[in-house]
Amino acid sequence: MNLIQKIHGNDEHTHDGQPHTHRAPFWVRYYDTIVGVATFGRARKMHESTLQLAQLQSGESILDIGCGTGKLIFAAEKVVGLGGTAVGLDVEPGMIAQAKANAARTHSHATFGVASIIEIPYPDNSFDVVTSSLVYHHLNQAEKVAGLQEVMRVLKPNGRFLIVDLNPTRRGLAVRLPGHNQLAQEDYVSREVVEQLAAAGFASITAGAHPFNQLSYALGVKDA
Ligand SMILES: C[S@@+](CC[C@H](N)C(=O)[O-])C[C@H]1O[C@@H](n2cnc3c(N)ncnc32)[C@H](O)[C@@H]1O
């Protein structure tokens, strides 16, 4: 098994609807370094672009679901300021342990916790913005449907949900990842994700190319 396979975990890909297995792999502590290398040192720029697509404003509350080691939430924290709220959740305890270690090192006020997108431990109407970056293609069909319902529930009226994921039609890294043959066929964000956002009841859906090469986004709004 090569490094990319270890990072992505062959057995975690459930395009066929099979259940996930989540472990706390040793490489979590190297995740940030690996992302830094994979993005040619532009990870911060990538996160800032994502937050601009989500139209995040000062004073808002944001949840990043599947937050990994927390880097998007640390960038979000700077945008929302002390008047806002920044929360990161991930189903993988090892990722959250690393996010908390990163938060302690940088004196972050962000909150992190272990949870799946299918059971978000927050009340209805809690967040102005929910983001999910490079997570959606890990989810099986049932998780996508249940996850969209959960995100809809925790969003405030007029709240935005931004999904960012690989766009293999722009080539590069995605087509080389094991278990991504299906994704390599098309820009599934612009088709499948948009359809599922609409089916879940999101309005004003937009989608397109992320400023960061090889990524696409889809954005939906919860009706007031
Ligand atoms: C490729 S990483 C992306 C991490 C981070 N969002 C980023 O952009 O660097 C995918 C993350 O999704 C998380 N994940 C997978 N299934 C999930 C689920 N059902 N609910 C929440 N997080 C999930 C994994 O644990 C992992 O941390």
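1. Considering the site of the ligand
Residues in close proximity to the ligand total 17 residues, the closest being Tyr31, Gly66, Asp90, Ile117 and Ser133. Tyr31 has a polar side-chain atom sitting 2.8 Å from an oxygen atom of the ligand. When isolated, the ligand has an accessible area of 600 Å², and the protein chains bury 92% of it. Looking at the shell around the ligand residue by residue, the class counts come to nine nonpolar, six polar and two charged.

2. So, the pairing of strand E5 (residues 155-166)
Here E5 lies mainly inside the structure; nine of its 12 residues are buried. The pairing of strand E4 (residues 127-133) with E5 spans six bridges and is parallel. Opposite Ser132, over in E5, you have Ile163 as the bridge partner. Crossover connection from E4 via helix H6 (residues 141-154) to parallel E5: handedness right-handed. Bridging between E5 and strand E7 (residues 215-221) involves seven bridges; their strand directions are antiparallel. Bridge pairing in E7 places Leu162 opposite Leu219.

3. Side note on unusual backbone geometry
Of note, the phi angle at Asn158 is positive, near 70°, even though the residue is not glycine. The residue Asn158 is located in strand E5 in this model. Although it is not a glycine, Ser204 sits at a positive phi angle of roughly 45°. Assignment of secondary structure puts Ser204 in strand E6 (residues 203-209). You can call Ser204 exposed: its relative accessible area is 56%.

4. Side note on the packing of H6 against helix H7 (residues 188-199)
Between H6 and H7, the least distance of the axes is 10 Å, while the angle of their chain directions is 45°. By the angle between their directions, the pair H6 and H7 is classed as oblique. In the crossing of H6 with H7, the sense of the turn from one axis to the other is right-handed. Across from Gln141, Lys144 and Leu148 in H6, the residues of H7 making contact are Glu192, Gln196 and Leu197.

5. Things to note about the packing of aromatic side chains
Using the criterion set out here, one finds three aromatic pairs in the structure. Pairing Phe74 with Phe112 gives two aromatic rings, centres 5.6 Å apart and planes at 70°, and the pair type is edge-to-face. Of the two residues, Phe74 is situated in helix H4 (residues 71-80) and Phe112 in strand E3 (residues 111-114); the sequence distance between them amounts to 38 residues. When its relative accessible area of 9% is taken as the criterion, Phe112 is described as buried. Ring centres 5.9 Å apart and planes at 40° place the aromatic pair Phe161 and Phe202 in the tilted group.

6. Examining the side chain of Asp128
The topology assignment puts Asp128 in strand E4. In this structure the side chain of Asp128 is engaged in a polar contact, spanning 2.8 Å, whose partner is the backbone nitrogen of Ser61. Once you skip the residues sitting within four places of it in the chain, Asp128 turns out to touch Glu60, Ser61, Leu155, Lys156, Gly159 and Arg160.

What counts and what doesn't
Residues numbered from 1 in each chain as written. Predicted model: local features only at pLDDT ≥ 70, side-chain atom pairs only at ≥ 80, totals over all residues. Heavy atoms only, no water. Near = heavy atom within 4 Å. Polar contact = N/O pair within 3.5 Å; in protein donor to acceptor, adjacent residues only side chain to side chain. Areas by Shrake-Rupley, 256 points an atom, 1.4 Å probe, with all protein chains shown as cover. Nonpolar A, V, L, I, M, F, W, Y, C, P; charged D, E, K, R; others polar. Buried < 20%, exposed > 50% of the residue type's maximum accessible area, 1.4 Å probe, protein only. Helix = DSSP H or I, 4+ residues; strand = E, 2+ residues; numbered from the N terminus. Pairing = 2+ DSSP bridges. Right-handed = clockwise from strand over helix to strand, strands pointing away. Axes fitted to C-alpha atoms, helices over the stretch in contact; angles between N-to-C directions. Parallel < 35°, antiparallel > 145°, perpendicular 65-115°, else oblique. Left-handed = near helix turned anticlockwise from the far one by under 90°. Contact = heavy atoms within 4.5 Å. Phe/Tyr/Trp six-rings, centres within 6.5 Å; stacked < 30°, edge-to-face > 60°.

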